[in-house]
Amino acid sequence: MKGEHPINGILKAIGHYVTFFLLVAFVITCCLSLFVSTLSDSLQITLTNENVALAAKLTFANVIFISLIFTVIDAIRRKLTVDRPVKHISEAAERMMQGNFDVRIPISSTLGTDGKFNEIIECINHMAEELSGVETLRTDFIANVSHEMKTPLAVMQNYGTLLQAPNMTDDKRIEYAKAVSDASRRLADMMTNILKLNRLENQQIYPKAETYDLGEQLCECLLQYENVWETRRIEIDTDIAENVTVKADAELLSLVWNNLFSNAFKFTEVGGTVSLSLSTTDEFAVVKVTDTGCGMSAEVGAHIFEKFYQGDTSHATQGNGLGLALVKRVVDIMQGEIAVESTLGAGTTFTVKIRRAENEHLEENR
Ligand code: ADP
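*Asks:* I keep staring at the overall build of the protein and nothing clicks. Help me out?
*Replies:* What the protein contains, in helices and strands, is 10 helices and seven strands. Considering only C-alpha atoms, the protein reaches an extent of 125 × 75 × 35 Å along its principal axes. A total of 366 residues make up the protein; the buried ones form 31% of that total. Accessible surface for the protein amounts to roughly 23600 Å². Of this, 58% is attributable to carbon and sulfur atoms.

*Asks:* What am I meant to see in unusual backbone geometry here?
*Replies:* Comment: phi is negative for the bulk of residues other than glycine, and the bulk of peptide bonds are trans. We note that F308 has phi near 70°; this positive angle belongs to a residue other than glycine. With respect to the helices and strands, the residue F308 is situated in the loop between α8 (298-301) and α9 (323-333). Although it is not a glycine, Q335 sits at a positive phi angle of roughly 55°. The topology assignment puts Q335 in the loop between α9 and β6 (337-343). In this structure Q335 comes out as exposed when scored by relative accessible area, which is 57%.

*Asks:* Can you walk me through the site of the ligand in this structure?
*Replies:* In the vicinity of the ligand, 20 residues are found, and the nearest of them are N263, K266, D291, D312 and L324. Within the side chain of K266, an N or O atom sits 2.7 Å from an oxygen atom of the ligand. Here an oxygen atom of the ligand and a side-chain polar atom of Q310 are 3.0 Å apart. When the free accessible area of the ligand is taken as 530 Å², the share hidden by the protein chains comes to 97%. When residues of the shell around the ligand are traced back to their parent elements, those giving at least two are α7 (250-266), α9 and β7 (347-355). Taken together, the residues that form the shell around the ligand break down as eight nonpolar, nine polar and three charged.

*Asks:* Whenever I open this one, the environment of K208 confuses me. Can you help?
*Replies:* Secondary-structure assignment places K208 in the loop between α4 (170-202) and β1 (210-213). Note: C-alpha distance between K208 and E251 (43 residues apart in sequence) is 8.8 Å. Each residue touching K208, except ones within four places of it in the same chain, is listed here: A248, D249 and E251.

*Asks:* What is the right way to look at the environment of A154 in this model?
*Replies:* Relative to the helices and strands, A154 is located in helix α3 (residues 116-163). In this structure A154 comes out as partly exposed when scored by relative accessible area, which is 34%. Expressed as a C-alpha distance, the spacing of A154 and V180, which sit 26 residues apart in the sequence, is 9.8 Å.

*Asks:* Is there a simple way to think about the nonpolar core in this case?
*Replies:* Membership of the largest hydrophobic core comes to 49 residues, with the highest contact counts inside it found for L214, L253, V256, W257 and F261. Of all the elements, α7 adds the most residues to this core, at 10 residues. Not counting the four nearest positions on each side in its chain, V256 is found in contact with V327, V330, V331 and V352. I89, M96, F101 and I121 belong to the second-largest nonpolar core, a separate cluster that totals 10 residues.

*Asks:* Hey, could you run me through the packing of aromatic side chains in this one?
*Replies:* The relation between two aromatic rings is expressed through the spacing of the ring centres and the mutual angle of the planes. Under the defined criterion, the tally for this structure stands at six aromatic pairs. With a centroid separation of 5.4 Å and an interplanar angle of 50°, the aromatic rings of Y159 and Y176 are classed as tilted. Taken together, the residues Y159 in helix α3 and Y176 in helix α4 connect sequence positions 17 residues apart. Ring geometry for Y225 and F261: centres 6.3 Å apart, planes at 70°, overall edge-to-face. Of the two residues, Y225 sits in the loop between α5 (214-223) and α6 (226-231) while F261 sits in helix α7, which places them 36 residues apart along the sequence. For the residue pair Y225 and F261, the accessibility class agrees, reading buried in each case.

About the thresholds
Residues numbered from 1 in each chain as written. Predicted model: local features only at pLDDT ≥ 70, side-chain atom pairs only at ≥ 80, totals over all residues. Heavy atoms only, no water. Helix = DSSP H or I, 4+ residues; strand = E, 2+ residues; numbered from the N terminus. Buried < 20%, exposed > 50% of the residue type's maximum accessible area, 1.4 Å probe, protein only. Areas by Shrake-Rupley, 256 points an atom, 1.4 Å probe, with all protein chains shown as cover. Near = heavy atom within 4 Å. Polar contact = N/O pair within 3.5 Å; in protein donor to acceptor, adjacent residues only side chain to side chain. Nonpolar A, V, L, I, M, F, W, Y, C, P; charged D, E, K, R; others polar. Contact = heavy atoms within 4.5 Å. Core = buried A, V, L, I, M, F, W, Y, C linked by side-chain atoms within 4.5 Å. Phe/Tyr/Trp six-rings, centres within 6.5 Å; stacked < 30°, edge-to-face > 60°.

Now the structure itself:
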């Protein structure tokens with residue numbers, strides 16, 4: 001398409017058409033002459049050379065004239081129904097190649113094309129919409145990661161500089177070194193979470209399914225927070241049904257429980273209560289993690305599963321807004337369900353439903 005002058009293209013096309021017309025007109029004239037001479041023989045009519053020459057010239061001119069009219073009509077039809085949509089499509093594709101995903105192609109009239117071009121146009125418009133969504137996600141993600149990295153890096157830089165001061169007391173040195181190691185741990189935690197989320201989102205993960213006792217796993221995960229609940233005098237309330245087995249990837253599911261417990265303890269004041277319950281329905285094992293903490297508004301609740309979203313900024317230093325995004329992704333992979341109920345100032349309950357191991361609930365129903 002590119003590289004050749006448009007006039008050259010038009011001249012070439014006219015050349016092709018003229019050759020084609022002359023050839024067709026010549027063939028039709030020959031055929032008709034043959035036909036007329038055969039007819040004249042059988043009807044015993046005598047034709048003079050002049051009669052034949054005139055008829056041949058008329059036929060030749062007629063064929064050229066009629067073909068020309070049809071060609072012009074067809075060219076106009078093609079211009080409207082083929083060239084125009086093709087031009088729109090190739091212009092849009094070119095703009096998308098340059099990274100502009102806001103392009104949308106107008107739907108053209110379906111005259112003579114059975115709407116096939118409109119099918120292609122709809123697909124391209126849909127593709128552009130999807131690509132612009134992915135692009136927004138990508139830029140938001142990069143902006144969020146850079147923003148989240150800046151704070152701990154600034155902390156490390158500042159305390160690192162302070163540590164270089166001479167004649168520092170041991171207490172100060174320990175305090176500054178602790179600030180540096182806390183910030184670096186936050187950074188490392190964030191990177192680990194980003195990597196986990198990336199793996200869960202971008203790879204075809206086939207969870208290693210093993211049948212195990214969910215109650216035992218929940219207790220093991222909860223016990224890891226013993227130190228926290230003892231120091232902050234948080235009461236623990238458990239109601240765990242026995243022998244509830246699930247067929248799932250234990251490592252992935254422990255990510256869910258750890259994130260829910262760590263949030264429950266993080267957002268609960270000293271002296272509050274964190275409750276854990278495990279019950280069953282026909283199909284599901286139902287886990288509820290409840291706390292009597294600060295709760296959240298409906299507005300915050302609507303966004304908590306988004307990456308990097310932090311509703312409660314007063315606890316921002318203890319997290320990075322990736323925990324619940326990970327939880328949601330794992331629950332989705334397990335084809336389970338997650339719901340949250342929360343009252344601002346009163347507390348929050350997260351309910352997670354995981355499919356039970358099949359043979360267990362079948363036996364129960366017998
Ligand atoms: P992070 O805890 O690192 O901020 P999460 O993805 O785990 O990130 O949580 C996102 C947000 O959801 C939190 O910032 C907080 O506003 C809200 N949230 C989560 N769990 C609770 C809870 N148990 N009580 C109150 N708010 C919560």
